[in-house]
Every structure is written in C-alpha cells, then in structure tokens.
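Architecture at a glance
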Amino acid sequence: MSSQKSPIYIENEWSISENRFDPVQIVTTGSNFMTGNGYLGYRGTFPEWEAEEYVGCIVSDTYDNADGKWKELCNVPNGLYTALQLGAAQVHPTRGPGEVSDYRLSLNYRYGRTSGGYTWNPQEPGLQKGTELRVSFERFASYSSLHLLAQRVRIAAITGGLLTLSTGVDGRVWSLNGEHFRECSAFNEGDIIGLNCATSEKGTEVVVAQGVQIYGVTPRTKDSAEPLSPPQEKRRNFRQLQFELQAGDELIIEQMMTVFSGNDTADPYSAAVELAREATENGYEREAGQSARVWDTLWNRYFIHIESTDTTQALLNYNLYHNIIATPAHTDHLPIGARGLSCQAYQGAAFWDQEIFNLPMYLYTYPEVARNILIYRYKTLDGARRKAERLGYEGAYYAWISGDTGDELCPDYFFKDVLTGRKIRNHFNDWQIHISPDISYAIQHYYQATGDWGFIKDYGAEMLFEIANFLVSHAYFKKDKNRYEIIRVLGPDEYHENADNNVFTNFQAKWAIGTALDVYTRLSSTDPQILQKIAQRCRIDGQRIELWKEMYEHIYIPEPVAESKLIEQFDGYFGLEDIMPNTLANRLKDPNEYWGWPTGIAYETQVIKQADVVQLFCLHPESYSVETMQRNYRYYEPRTHHRSSLSPAVHSIVASRIGFYDQAYSYFQESLGIDLFSTNPPASGGTFIGGIHTAACGIAWQMVVFGFSGIVFTDQGILCKPHLPQEWSSVQFTLHYRGQSCLVSLTADSVKLDAAPSNQKALPFQIFEQEYRVQPGDSITHSL
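Thresholds, definitions, all that
Residues numbered from 1 in each chain as written. Predicted model: local features only at pLDDT ≥ 70, side-chain atom pairs only at ≥ 80, totals over all residues. Heavy atoms only, no water. Helix = DSSP H or I, 4+ residues; strand = E, 2+ residues; numbered from the N terminus. Rg over C-alpha atoms; globule rule 2.2 N^0.38 Å. Buried < 20%, exposed > 50% of the residue type's maximum accessible area, 1.4 Å probe, protein only. Contact = heavy atoms within 4.5 Å. Areas by Shrake-Rupley, 256 points an atom, 1.4 Å probe, with all protein chains shown as cover. Lys, Arg positive; Asp, Glu negative; His and termini not counted. Charge placed at Lys NZ, Arg CZ, Asp CG, Glu CD. Pairing = 2+ DSSP bridges. Axes fitted to C-alpha atoms, helices over the stretch in contact; angles between N-to-C directions. Disulfide = S-S within 2.5 Å. Polar contact = N/O pair within 3.5 Å; in protein donor to acceptor, adjacent residues only side chain to side chain. Phe/Tyr/Trp six-rings, centres within 6.5 Å; stacked < 30°, edge-to-face > 60°. Salt bridge = Lys/Arg side-chain N within 4 Å of Asp/Glu carboxyl O. Expected span 1.5 Å × (residues − 1). pLDDT = per-residue confidence, 0-100. Core = buried A, V, L, I, M, F, W, Y, C linked by side-chain atoms within 4.5 Å.

Another aspect to go through is the overall build of the chain. When its secondary structure is counted, the chain shows 18 helices and 34 strands. Against the compact-globule benchmark of 28 Å for 784 residues, the chain has a radius of gyration of 27 Å, which places it among compact chains. With respect to the three principal axes, the spread of C-alpha positions in the chain is 90 × 60 × 60 Å. In the chain, which comprises 784 residues, the proportion classed as buried is 61%. In the chain, once contacts between residues fewer than 6 apart in sequence are set aside, the share between residues at least 24 apart is 68%. Of the roughly 28,500 Å² of accessible surface on the chain, a fraction of 45% belongs to carbon and sulfur atoms. Across the chain, the mean location of the 66 positive side-chain charges is 3 Å away from that of the 94 negative side-chain charges.

Now for the sheet that holds strand 9 (residues 89–91). Read from one edge of the open sheet, four strands run 9-8-14-18, paired in antiparallel fashion. Of all strands in the sheet, those with a lone pairing partner are strand 9 and strand 18 (236–245), marking the two edges. Averaged over all adjacent pairs, the angle separating strand axes in this sheet is 25°, with direction ignored.

In the structure shown here, the tally under the stated rule is one disulfide. At a sulfur-sulfur separation of 2.2 Å, the disulfide partner of Cys 184 is Cys 197. On the sign convention where negative means left-handed, the S-S torsion of about 110° between Cys 184 and Cys 197 marks this disulfide as right-handed. With Cys 184 in strand 15 (residues 181–189) and Cys 197 in strand 16 (residues 192–199), this pair connects stretches of sequence that are 13 residues apart. Each of the two residues, Cys 184 as well as Cys 197, counts as buried. Sulfur of Cys 74: no disulfide; nearest cysteine sulfur belongs to Cys 197 and is 9.3 Å away. Overall, Cys 74 belongs to the buried group, its relative accessible area being 0%.

Moving on to the environment of Glu 72. Along the polypeptide, Glu 72 turns up in strand 7 (residues 71–72). Judged by relative accessible area, which is 1%, Glu 72 ranks as buried. Here the alpha-carbon distance between Glu 72 and Thr 62, two residues 10 residues apart in the chain, equals 7.9 Å. For Glu 72, the residues in contact, after removing those within four places along its chain, are Thr 62, Tyr 63, Asp 64, Ser 175, Leu 176, Asn 177, His 180, Gln 344 and Gln 347. Among the polar contacts made by the side chain of Glu 72, one reaches the side chain of Asn 177 at a distance of 2.8 Å. Side-chain polar atoms of Glu 72 contact the side chain of His 180, separated by 2.6 Å.

Next up on the list: the packing of aromatic side chains. Taken as a whole, this structure holds 65 aromatic pairs when the rule is applied. Ring geometry for Tyr 397 versus Phe 470: centroids 4.5 Å apart, planes at 25°, classification stacked. Note that Tyr 397 is positioned in the loop between helix 7 (381–390) and strand 21 (413–416) and Phe 470 in helix 9 (residues 453–474), a separation of 73 residues in sequence. Across the pair, Phe 470 and Tyr 397 agree in class, each one buried. Centre to centre, the rings of Phe 570 and Tyr 573 are 5.5 Å apart; their planes meet at 80°, and the pair counts as edge-to-face. Taking the relative accessible area as the measure of exposure, Tyr 573 reaches 0% and is therefore buried. Taken together, Trp 70, Tyr 346, Phe 351, Trp 400, Phe 414, Phe 415, Phe 428, Tyr 495, Tyr 594 and Trp 595 form an aromatic cluster joined through their ring pairs.

As enumerated under the stated definition, the model contains 33 salt bridges in all. Note that Glu 462 and Arg 385 form a salt bridge whose closest N and O atoms lie 2.7 Å from each other. Here Glu 462, found in helix 9, pairs with Arg 385, found in helix 7; they are 77 residues apart in sequence, far enough to count as distant. Here Glu 462 matches Arg 385 in class, with each residue buried. Note that Glu 485 is salt-bridged to Arg 483, the shortest N-O span being 2.8 Å. Accessibility classification places Glu 485 together with Arg 483 in one group, the buried group. Connected through salt bridges with shared partners, the residues Glu 50, Glu 53, Arg 95, Asp 170, Arg 172 and Arg 236 form a single ionic network.

Attention shifts here to helix 4 (residues 312–326). The end-to-end C-alpha distance of helix 4 is 21 Å, a good match for the 21 Å that 15 residues give at a rise of 1.5 Å each. Burial analysis of helix 4 places 15 of its 15 residues in the buried class, which makes it a mostly covered element.

Of all residues in the chain, 95% have pLDDT values of 70 or greater, and the mean over the chain is 94. Segment residues 223–232 is flagged for pLDDT under 50; beyond a separation of four residues in sequence, or across chains, it makes 15 contacts in the model.

Leu 133, Phe 465, Trp 548 and Leu 735 are the most contacted members of the largest nonpolar core, which totals 226 residues. Among all residues touching Trp 548, those that are not within four sequence positions of it are Phe 465, Ala 468, Asn 469, Val 472, Ile 513, Ala 516, Leu 517 and Ile 540. Counting residues in hydrophobic clusters, the runner-up holds 17 residues, among them Phe 187, Ala 271, Ala 276 and Ala 288.

Moving on to the pairing of strand 11 (residues 113–121). Of all nine residues in strand 11, eight are buried; the element is thus mostly enclosed. With eight bridges connecting them, strand 10 (residues 99–108) and strand 11 associate as antiparallel partners. Looking across to strand 11, one finds that Ser 106 is bridged to Ser 115. In this sheet, strand 12 (residues 133–141) lies alongside strand 11 in antiparallel orientation, the contact comprising eight bridges. What sits directly across from Tyr 118, in strand 12, is Val 135.

Turning our eyes to something else, we now look at the pairing of strand 16. Counted residue by residue, strand 16 has eight buried out of eight residues, so it is predominantly covered. Side chains Ile 192, Gly 194, Asn 196 and Ala 198 project from strand 16 onto one buried face, and the interleaved Ile 193, Leu 195, Cys 197 and Thr 199 project onto a second face that is buried too. Pairing geometry for strand 15 and strand 16, over eight bridges, is antiparallel. Across the sheet, residue Glu 189 finds its bridge partner in strand 16, namely Ile 192. Where strand 16 and strand 17 (residues 205–215) come together, seven bridges link them in antiparallel fashion. Bridging across to strand 17, Gly 194 finds its partner in Ala 209. Adjacent in sequence and paired antiparallel, strand 16 and strand 17 are bridged by five residues, among which Gly 203 carries a positive phi angle near 75°.

This next bit is on the sheet that holds strand 29 (residues 728–737). With antiparallel pairing, the five strands of this open sheet are ordered in space as 20-29-30-31-34. Of all strands in the sheet, those with a lone pairing partner are strand 20 (305–308) and strand 34 (779–783), marking the two edges. Neighbouring strand axes in the sheet, compared pairwise and without regard to direction, differ in orientation by 15° on average. With five bridges connecting them, strand 31 (residues 750–755) and strand 34 associate as antiparallel partners. In the strand pairing of strand 34, Val 751 is matched with His 782. In the packing of helix 4 onto the sheet, the strands contacted are strand 20 and strand 29, and the crossing angle to strand 20 comes to about 155°.

Turning to unusual backbone geometry, a few remarks are in order. The residue after Trp 597, namely Pro 598, is reached through a cis peptide bond having omega -5°. Structurally, the position occupied by Pro 598 is in the loop between helix 13 (581–584) and helix 14 (613–619). Its identity is not glycine, yet Tyr 54 carries a phi of approximately 60°, on the positive side. The topology assignment puts Tyr 54 in the loop between strand 4 (40–42) and strand 5 (57–59). For Tyr 54, a relative accessible area of 27% corresponds to the partly exposed category. Here the phi dihedral of Arg 539 falls at roughly 55°; this positive angle occurs in a residue that is not glycine.

If you want it as structure tokens, here you go:
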C-alpha cells in the first residue's frame, strides 16, 4: 500500500521503509520513522543529517519559552551526529559531491528501531572512479534505560581510501520557536564528551553526553576528544578519527547518547556521564536486548492480532507503536503531547485528545498507565483553578493546551490570515470549555473500569467537584425558559466559535455534574471525613450542592427534531448556508486559508471541521436510538470537512455501531494512514502543526475494540456485539476490567473468551443478549 505523495511502503506487519529520498516529505519522514520511549523521541533521520534536515531529539519535561509566545519542549543537542569524509569528499546520503544508490530508510516498530543505509560513489577529482562505501545504521531509544539512545553505524569499504570520521554532540538544532539554550559548554570526561546547556527561560540544566566504541578497523590517529575551537563551532563537541580503509574492511561505530535535565535529577551532569559510560561498556547488542525485553512485555498488553486480506495488521501496529512511545508512562506529572515527542508542534502539551483518544487503550489494557495520566490532571488542578479565576469563573477550567503546570499554553492568536498577514484571534483558550467535562468523563470511566475508589478519594473527587463548580459558574439560567444554557463556546467543531448551546458541550457538562453528585453522595455515606476536607478545598456547602442539582435537572440539551430526528449542533446551525465542503473550497483565494472563525469561508455555513454531534454519539451511544444516530450521521457526515485527524476514526466507530459497515471500514483505513501516508498538511492558517498525530494513533485501538468488535464496558461488565469487516477472518486482543483480565477472540461466526487463571473472581461477559460469568481459567465459546 502506498501513496502518490509518499515514498513510504509497508515491508511487513512490523516494518515500513522508503527507498528514495523525497525532500518535500522530509519533515513527515522524520516523524514517521522516529524512535522513542515516552521520555524522549528521536526523529527518523540519518546520522549525517543536521538541523537543515530537521534532526530532532525532543525531551519531555523541558518546557521553555524562548520567543515570548510559544512555550514548548526543547529539541536538545544531537549526541548521535556522525560526519564522514573520504579523502576530501563528503560522504552523505542526500547532499554532497557523491552519487548515492541503494538508499533505504526503515522503521521496525516491533522494537522501535530506526535503520537505513546507502551506497556512495565519489564524483570528485582525485578519488579513483569506482571507489565505493556502503554506509548503514541502526538506532533505538531504550525502554530499559529511558535516558539512553543507542546507535550503530557500519561502513563497509567496497574499495579502499582514507576515511575521516567526526562524531559527537551537535548543538545546532532545529527549533520551531526560538533558541531554547542561552548557553552550551563543551565538556570532556576522558572517554565521554558532551554539551552542558542552560534553557533560555528558566536556566534549567540539560546535559547531553556521548560515549563511543570502535570495532573492525584501528584508527590511524588517536582520538583527541577535544571540542572544536572556532566560534561558529562553539555549540559542537566532536571527536575526529581517521581510518585507512582497505577493500573488504568493515568499520563499526557504536554511539551511546544520554540526556538528563535538572527536572530529572539534582545532578544531571554526573547522571549523563555515568550512564553514557555504562552503556558504552555494555555495548549496542546488550542494550538492544534489554530494551527488546521491555517491548515484549508492552506488546503482550497492547497487541491486537488481526487475520486479514489487506495491510490492516501493519497499519494498526504502526499506530499503536506511536501511541505507546508518545506516552510518558514512567511518570504521573507529564502529559501526552498532541504531537507526542515527534517535534515541537503543539508544544508537547495535552489537549482533550489525551483523555478521549489516547487514554482508553491504556484504561482497558494497562490501567496503571491510565491512572498516571489522570493523576497528571490532578497535579495540574491548580493551573486549572488559576485559569478559571483569571477568566472570572469558579472551580477548575482546564487549559486547552496543558504543559507541566496546567496553566494555559494556548496563545490568543494561533493562526494568521494568509491573505492579509494579520493575526486571527481564536478562542480555543477561553471558549472551548468542553475540555473540563471531558476530564470528568475520563475519571468516571476510569472508576467504572477499575473500581479504584482510592483514586476517587485521593484525586478524582476533587477534580470532579471543581469541574462542577466551574460549569455552574459558567452557565446562564434563562428564567423565561426555565433552563440553564451554556453560551459563547466552541465544541469539537472548531470552525464555529461563539456558538450557544453546543449539544456536545452541554451534554458533557450534564454528565460531569451528575458524576460529581454521585461521588459526593457516596463520599457522604462512606468517607464523610475525607469529603469534609475536599469540600473545604473546593468551597462546597449544601447550597452549592443544590445548585449542582438544579443545573443537572434544568440544563438545556437540544433534543432530536420530532420528524427528522436531527439534533442541531448549536443554536442557529440549521439556519446557516447549507453547502458541501468540496463546493465551499472553490471560494478559497489561497489554499492555506484557515476556514473557521471569524472570517473563514466555513464559519457562516454548515460545513464543520470534524465530528461534533457524531462525537457525542461516539462517547454516549447508549443515550440515543440507533435510528436517531443513523439519521444524524447521514446528515452531518457529508458536511464534515475532516480537517482534524481525529474525525475519520470517530466516524468509523459510530458507523460500526449503527450498521454503516462500508463507511466504517473506509474511515478506519483513512485514519490508520493519516501519518504514514501524509494525508493531512503540516500547516494550517500559517501555523506549523506537523508531526505524529498521537490522538489518531491512540484511537486506532478503539476503532477495532469499540467499533468492529462491538465492546462496551458497563457497570455490570463487558458487552460484546461484534461485526467484523469482510476483509478480516479473526481478531484477538486482551482486556482488563476491574482487576480481571481476559483474551477475546472473534470470528465472523463465534466469540470466544478466555479468562486469565490469575483472576480472583468470575468475569461478567455478555454477547448480544446472552449473559455469562466466566470463572478464572475458564473459557466460553458463543456461536453467532
């Protein structure tokens, strides 16, 4: 499977490759072929590449504001840089005087290993014609030692020559929004070299160290391990060695790069040097084996096995891989970035994507990771309180773009008018309020899936209560209509800002308040002393609880119109110009125009950016009849522009549930290929938003499990109503529910459930109308 736009192709279910270099796709390629481990992400680039080729090592918990507008993660110095020279000629895969053949770049996402290579022939006077080198490399971000990147470069001499190798730490990095290091000083600790840097805003220490081992050919000159001295090289610290290569020689260079910041440890310098030395002594193969063993345990939890006639397995594996490496599973104080660690776009920060698109995979496969993700929201609760207070509200209004503190990172002016060059005032940061009840939704589902009441007492209740406080302070009571309304918002459809009574937002708000009331009632009965402490922090009294109840009972939820059963997305939506996206696009004067508020071509039409009413059905399928969902899907789907990477997957899940199976599979395939085949542009409205779409990767799991497999988690257990695509003969995956685990195996004719022997009690499982209680170690098979 391939695309005209992309040189990428699928090798097998665990590997992708490209066999030609496409400079137009270089940003996308670097993201697609990256390696990472949740602490850092290293882009899929050649060792010889530099800032001009968008080399990047993005490190979590290094937030810095260098330009006064964008607070983002740092791209740290590149400790795997490798420069090659044969005689006087530069050896390089994509530039220089040589002729390159057999170009290849690959990613093995079973173990997170980027590799590549090329054959080089000189086109330079003074070098014998026919002189050839075969250069190849492999690298991985370690999952057994999160601060480590390992790389092995092989240089095979087909004919001989004098080779000069420069390897070390390159501090000239690609950065989206300003220089994030106000200073970088080179250091030499004998066998370990590196750069010690300080961030621009806070002066946080960031240390990158490198250790090297050489095999196969003895250096001609000794390694001086001295930093280069010219001023223009002050941000680089290289070793330089020479080798007299003979035909048939193979030179092997093993490089160990380590990264620590002052946010990781009190002494990042010593930590980086010591780990680099230890890893260098261990060697590449040993470190690779240790990391692979961790990957084996991860895939045992996350892997979905699909027997199909197409490339589904490879595409699904690829998406799950990127969701895994984007997630800081090692900690509970960092977010899943909307572009993960693939680049600095979206600032390495969390959106609503985190709870609605990324988290469910972990919730039902590795609930401890889901817990960490939600504790991050608790640790940023004060930031949400500060935002609410700043905007004149009570409680917790979570940041639309949330970094390490929970304070709002989204700027007032996100896009610009490409026709005039003027800034566009968007209101993502003060009108897109559904972020807060979305977090309540995730908390409620976490408790439903785990029964972890300790989490609710320690973290969840306080978040739920403060979100409810925010919602009642934001809503308006309309006496003439005897109802609460939520006005001047934008829902998931970001083209239509300044909307009143967005049905998705209002429904989520009611859900959130109802959940807060349920938790308050239970705490009153079971843990009154804990409740008293939380109530004091949240300034809750009996009058406030009555206000919650009043809003819950009287909040306006737009109902389906009697005959058509259509639900109006927001007040006045049906009165907007009714036009389809393809026709509307003819009004563009520039293809890069932003379509939405306040002057975009879609704002005064019914064209929407992404699923909105359909998004509501995705989260709350039990609240509407199949007929209502079908009619609304038919209405809104052709009016959806799908300019968000989140939209195709949501349509796939809903289409699966309501019987539109062909559309479900078409949107499934489209969603799986969003990154791999570059179907979305890297910029919108003049703002760079490239990189891996981690939410689209995360929801891939949901499309299979919630969509085609028909899995629904309830308070009573697990419900299964499958309908597999005709291209699939079987699907198999592991689920965790309330401390129990099981293996679900589906075919077109049967459902089989194997309960883990380690389970402590029977697992309630329902297949259509048939109910089962599967004892530990038992299995059931149900014919369809």
